[in-house]
Amino acid sequence: MNKLKIALQKSGRLSEKSLELLQECGIKIPDFKSKLKNSATNFPLEILFLRDDDIPKYVEQGIVDIGIIGENEVLEQNKNVDLVRKLGFANCRLSLAIPKDQEYTDLSFFDKKKIATSYPSIVKNYFDKNNINAEIVEISGSVEIAPSIGLADTIADLVSSGSTLLHNGLKEVEQVLKSEAVLISSQNLPDDISIILESFLFRIQAVINSRENKYILLNAPNDSIEKIIEILPGMKSPTVLPLAESGWSSIHSVVRENEFWKIIDELKKFGAEGILVIPIEKMVM
Ligand SMILES: Nc1ncnc2c1ncn2[C@@H]1O[C@H](COP(=O)(O)OP(=O)(O)OP(=O)(O)O)[C@@H](O)[C@H]1O
Ligand SMILES: O=P(O)(O)OC[C@H]1O[C@H](OP(=O)(O)OP(=O)(O)O)[C@H](O)[C@@H]1O
Ligand SMILES: [Mg+2]
């Protein structure tokens, strides 16, 4: 049987979470860290461990069928690949930063300045669109060091917590784009490989749904049930079970993780008690 070939970053910001995603999809990979090509034991998947910058090229050329890569890298390289889906990890932004003691008003600050970056194409397009004429100095890493060693006046680099900027005397002044890990695929995959990809995507969807949702159980007085159901619509509709104590029910539902703290006060207002929020292992809609 043919296998779906996937490229993952060998080591770096994407590696651990990419492997974790495969694991949560129930896909088992033998634990040989130094083996750069490996096969899953229980799913038709072959895994290649590569430098992340090489992944779009390998996917474009069909050497691998799919790959997990930062959206920023896909945009920078602009290869002929399909962006299949976002994966919800390695969230960061590509930002412009300047020495923290300099005054910033607007983008014209960058006119005739030197800017160091590992993303020359994205930065050039951004400046062209905004009619800024800056000189781009391409470097492949430790970009934040550039202003302090006189290599450039400013930088464009990935930011997540902002601590690298802070520790290098820089401040973020503009956000060029937001990025997260994405799954990309070759264009025109053969039918047998597309079928395996569909089944892999089905598993990924179930994992991502479960990460974004929580199972919620609570007790409520019967006269509040209708109001609480409006707040907690659930997958189809909530389960309502009578409690041993008359006049009370237990309500079970699914709630989006990022909405829980917004609705908790409302639930309490309608008399909800004993609220339990439980992680979901897998969620198939
Ligand atoms: N600080 C961060 N927080 C979250 N995600 C990040 C951060 N920095 C980078 N990323 C994301 O992770 C991807 C890989 O980053 P990493 O620093 O591991 O790449 P690299 O140094 O080019 O690795 P490689 O050795 O494979 O070429 C980036 O393209 C970006 O999408
Ligand atoms: O805002 P922060 O949370 O500080 O993260 C930002 C840093 O993370 C990335 O580099 P990384 O640490 O991956 O090293 P690299 O330059 O070798 O890729 C990025 O290039 C920034 O330098
Ligand atoms: Mg790289």
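Description of the structure in this document. From a predicted model like this one, the values you see are computed outputs, not experimental measurements. (Residues numbered from 1 in each chain as written. Chains lettered and ligands numbered in written order. Predicted model: local features only at pLDDT ≥ 70, side-chain atom pairs only at ≥ 80, totals over all residues. Heavy atoms only, no water.)

### What about helix α1 (residues 15-24)?
- Here α1 has its buried residues at S15, S18, L21 and L22. For α1, the angular spread of the buried residues around the axis is 130°, confining them to a single face. Opposite its buried face, α1 presents the exposed residues E16 and Q23, each directed more than 90 degrees away.
- Considering only its buried residues, α1 is in contact with β1 (4-9), β3 (45-50), β4 (66-70) and α6 (191-212).
- The positive-phi residue at the C-terminal boundary of α1 is G26, with phi of around 80°. (Buried < 20%, exposed > 50% of the residue type's maximum accessible area, 1.4 Å probe, protein only. Helix = DSSP H or I, 4+ residues; strand = E, 2+ residues; numbered from the N terminus. Arc of directions from axis to C-beta. Contact = heavy atoms within 4.5 Å.)

### Things to note about the packing of aromatic side chains
- Throughout the structure, instances matching the rule amount to 7 aromatic pairs.
- Pairing Y104 with F110 gives two aromatic rings, centres 6.0 Å apart and planes at 65°, and the pair type is edge-to-face.
- Relative accessible area serves as the criterion here: at 0%, F110 is assigned to the buried category.
- Aromatic side chains F110 and F127 sit 5.7 Å apart centroid to centroid with 35° between the ring planes, which places their arrangement in the tilted category. With a gap of 17 residues between them, F110 in the loop between β6 (92-99) and β7 (114-117) and F127 in helix α4 (residues 120-129) connect regions that are remote in the sequence.
- Assessed through its relative accessible area of 2%, F127 is described here as buried.
- Cluster of aromatic residues (ring-pair linked, three or more members): Y104, F109, F110, Y126 and F127. (Phe/Tyr/Trp six-rings, centres within 6.5 Å; stacked < 30°, edge-to-face > 60°.)

### A word on the pattern of salt bridges
- In total, this model carries 9 salt bridges according to the counting rule given.
- Across the pair K124 and D128 runs a salt bridge, and its minimum N-O distance is 2.6 Å. Of this pair, K124 and D128 both sit in helix α4, 4 residues apart, which is roughly one turn of the helix.
- According to the relative accessible area criterion, D128 is partly exposed, its value standing at 41%.
- Among the ionic pairs, E212 bridges to R256, the shortest N-O distance being 3.2 Å. In this pair, E212 sits in helix α6 while R256 sits in strand β14 (residues 248-256), placing the two residues 44 residues apart along the sequence. (Salt bridge = Lys/Arg side-chain N within 4 Å of Asp/Glu carboxyl O.)

### Some remarks on the packing of α1 against α6
- Following both chains from N to C, one finds α1 and α6 inclined at 100°, their axes separated by 9 Å at the closest point. Accordingly, the angle class assigned to the pair α1 and α6 is roughly perpendicular. On the side of α1, the interface is formed by E20, L21, L22 and E24, while α6 contributes F200, I204, V207 and R211.
- Partitioning the contact of α1 with α6 into residue classes produces 5 nonpolar, no polar and 3 charged. (Axes fitted to C-alpha atoms, helices over the stretch in contact; angles between N-to-C directions. Parallel < 35°, antiparallel > 145°, perpendicular 65-115°, else oblique. Nonpolar A, V, L, I, M, F, W, Y, C, P; charged D, E, K, R; others polar.)

### So, the environment of R93
- Turning to its location among the elements, R93 is positioned in strand β6.
- Through-space distance from the C-alpha of R93 to that of P44 is 34 Å; in sequence the pair is 49 residues apart.
- Once residues within four sequence positions are removed from consideration, R93 is found in contact with D157, L158, V159, S160, E172, Q175, L177 and K178.
- Polar side-chain contacts of R93 include one of 3.3 Å to the backbone oxygen of S160.
- Only 2.7 Å separates the side chain of R93 from the side chain of E172, close enough to count as a polar contact. (Polar contact = N/O pair within 3.5 Å; in protein donor to acceptor, adjacent residues only side chain to side chain.)

### Concerning the site of ligand 1
- In the region of ligand 1, 16 residues are neighbours, and R13, R51, D52, D53 and N72 sit closest.
- Between ligand 1 and R51, the relevant distance is 2.6 Å, taken from an oxygen atom to a side-chain nitrogen or oxygen of the residue.
- Measuring from an oxygen atom of ligand 1, one finds a side-chain N or O atom of N72 at 2.6 Å.
- Within the complex, the protein chains bury 76% of what would otherwise be the 640 Å² of accessible surface of ligand 1. (Near = heavy atom within 4 Å. Areas by Shrake-Rupley, 256 points an atom, 1.4 Å probe, with all protein chains shown as cover.)

### Thoughts on unusual backbone geometry
- Phi is positive for N131, which is not a glycine, with a value near 55°.
- Mapped onto the elements, N131 comes out in the loop between α4 and β8 (135-138).
- The phi angle at N188 is positive, at roughly 55°, despite the residue not being glycine.
- Along the chain, N188 falls in the loop between β11 (181-185) and α6.

Note that every value here comes from positions in space, so none of it alone points to a role or purpose.
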